[in-house]
Amino acid sequence: MNSVIINKKFQFIHKKIGNAKFYFSTAYNGISFKKDEEEGLQNIYELKRLFGLKEVGFLNQTHSDVIINYNNVNNQDGDALICKEKKLAIGVFTADCAPILIFDKGTNGFAAVHSGWRGTVDLILLKTLNTMKKVYGSKGEDIVALIGPHNKVCCYEVGEEVRNAFKEKDFYKDKKIFNQNNLDIERCLKYQLRDFGVLEENIFTDNLCTYCEKPYKFHSYRKQKNNSGRSFSFIFCD
């Protein structure tokens, strides 16, 4: 994935595959997309103008496994959106949690998923793919998935409650997802993708940790607490 600065204001990590465009924002210039703040909301809607979009869809995220088939209504409760309409972007907010952007080359369906540790335990990514299969007829071999910047295993130390939640989940039994007390969210997500049949060559990741902030600056709730802004990761198709 490459970085690009747009309008001298926004910086995104981005990739284009087929007619799908994937964008992960950074904290360049201190830019935040926190939707509960006026400036953050303005930044979200500025994307419409910058990218020539009909709409930008987003959720009221609740660390759930709820998946919404986007219908031009924002702020619905949930943590994943699916869509199939051209020139309409859908995205998720993060500040350490993992954003996953999905494109189905076979049906032109796409999705944006927010997966913190709770969503990862509840298999929200796998459930999103199964929802796309049900709604669009998606197949594993046609799926392209990009896992964006998040709190990586290098920095993501978790407590006993979190460790036990994963150990008690049948899906993760006999799977290596911890490095001592550090949780590897990326590895958990890859297990879910492979379970759906996504091909290894269609899974894209990076080495960008929101806590380490190398080589880019990111919002990190763990580091900044309530002063943290929000990144916005979104996808749309031409």
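This text follows the structure it describes.
Note that the structure is predicted; figures quoted are calculated from it, not measured. (Residues numbered from 1 in each chain as written. Predicted model: local features only at pLDDT ≥ 70, side-chain atom pairs only at ≥ 80, totals over all residues. Heavy atoms only, no water.)

Chemist: Explain the layout of surface pockets to me, please; I cannot follow it from the model alone.
Modeler: Any empty space left between the atoms is revealed when a probe the size of a water molecule rolls over them. Approximately 680 Å³ is the volume attributed to the largest pocket. Together, 30 residues line the largest pocket, and H63, C97, H114, Y221 and R230 are the ones closest to its centre. Of all the secondary-structure elements, those providing two or more residues to the lining of the largest pocket are β5 (59-60), β9 (88-94), β11 (110-115), α2 (117-121) and α6 (221-224). (1 Å grid on protein atoms, 1.4 Å probe; cavity = no way out; pocket = protein on both sides within 12 Å on 5 of 7 lines; lining within 4 Å. Points joined across faces, edges and corners; volume = space filled by probe spheres on them. Helix = DSSP H or I, 4+ residues; strand = E, 2+ residues; numbered from the N terminus.)

Chemist: Sorry if this is basic, but what is going on with the sheet that holds strand β2 (residues 10-17) here?
Modeler: Strand pairing in a sheet relies on backbone hydrogen bonds, with the paired strands running either antiparallel or parallel. Across the sheet, which stays open at both edges, the 6 strands sit in the order β1-β2-β3-β16-β9-β4 with mixed pairing between neighbours. Every interior strand has two partners, whereas the edge strands, β1 (2-6) and β4 (55-57), have only one. The mean angle between the axes of side-by-side strands here comes to 30°, regardless of whether they run parallel or antiparallel. Here 6 bridges tie β2 to strand β3 (residues 20-25), and the two strands are oriented antiparallel to one another. By the bridge assignment, I13 is partnered in β3 with F24. (Pairing = 2+ DSSP bridges. Axes fitted to C-alpha atoms, helices over the stretch in contact; angles between N-to-C directions.)

Chemist: Before we go on, may I ask you to explain the nonpolar core in this structure?
Modeler: Most often, soluble globular proteins keep nonpolar side chains buried together rather than apart. Judged by nonpolar contacts, the single largest core of 35 residues is most densely connected at I100, I102, F166, L183 and L193. Mapped onto this core, the elements with two or more residues apiece are β8 (80-83), β10 (98-104), β11, α2, α3 (124-136), β12 (143-147), α4 (160-167) and α5 (185-196). A per-element tally of this core places α3 first, with 6 residues. Once residues within four sequence positions are removed from consideration, I100 is found in contact with A111, A112, V113, S115, L125, L146, I147 and L189. Core analysis: the next-biggest nonpolar cluster, separate from the first, contains 23 residues, F22, I68, L146 and F218 among them. (Core = buried A, V, L, I, M, F, W, Y, C linked by side-chain atoms within 4.5 Å. Buried < 20%, exposed > 50% of the residue type's maximum accessible area, 1.4 Å probe, protein only. Contact = heavy atoms within 4.5 Å.)

Chemist: I keep staring at empty space enclosed by the protein and nothing clicks. Help me out?
Modeler: As enumerated under the stated definition, the model contains 1 cavity of 30 Å³ or more in all. Its volume calculated, the largest cavity comes out at about 50 Å³. Considering the residues around the largest cavity, the lining is formed by S25, T94, P99, P149, T210, F218, S231 and S233. Residue composition of the lining of the largest cavity, by class: 3 nonpolar, 5 polar and no charged. (Nonpolar A, V, L, I, M, F, W, Y, C, P; charged D, E, K, R; others polar.)

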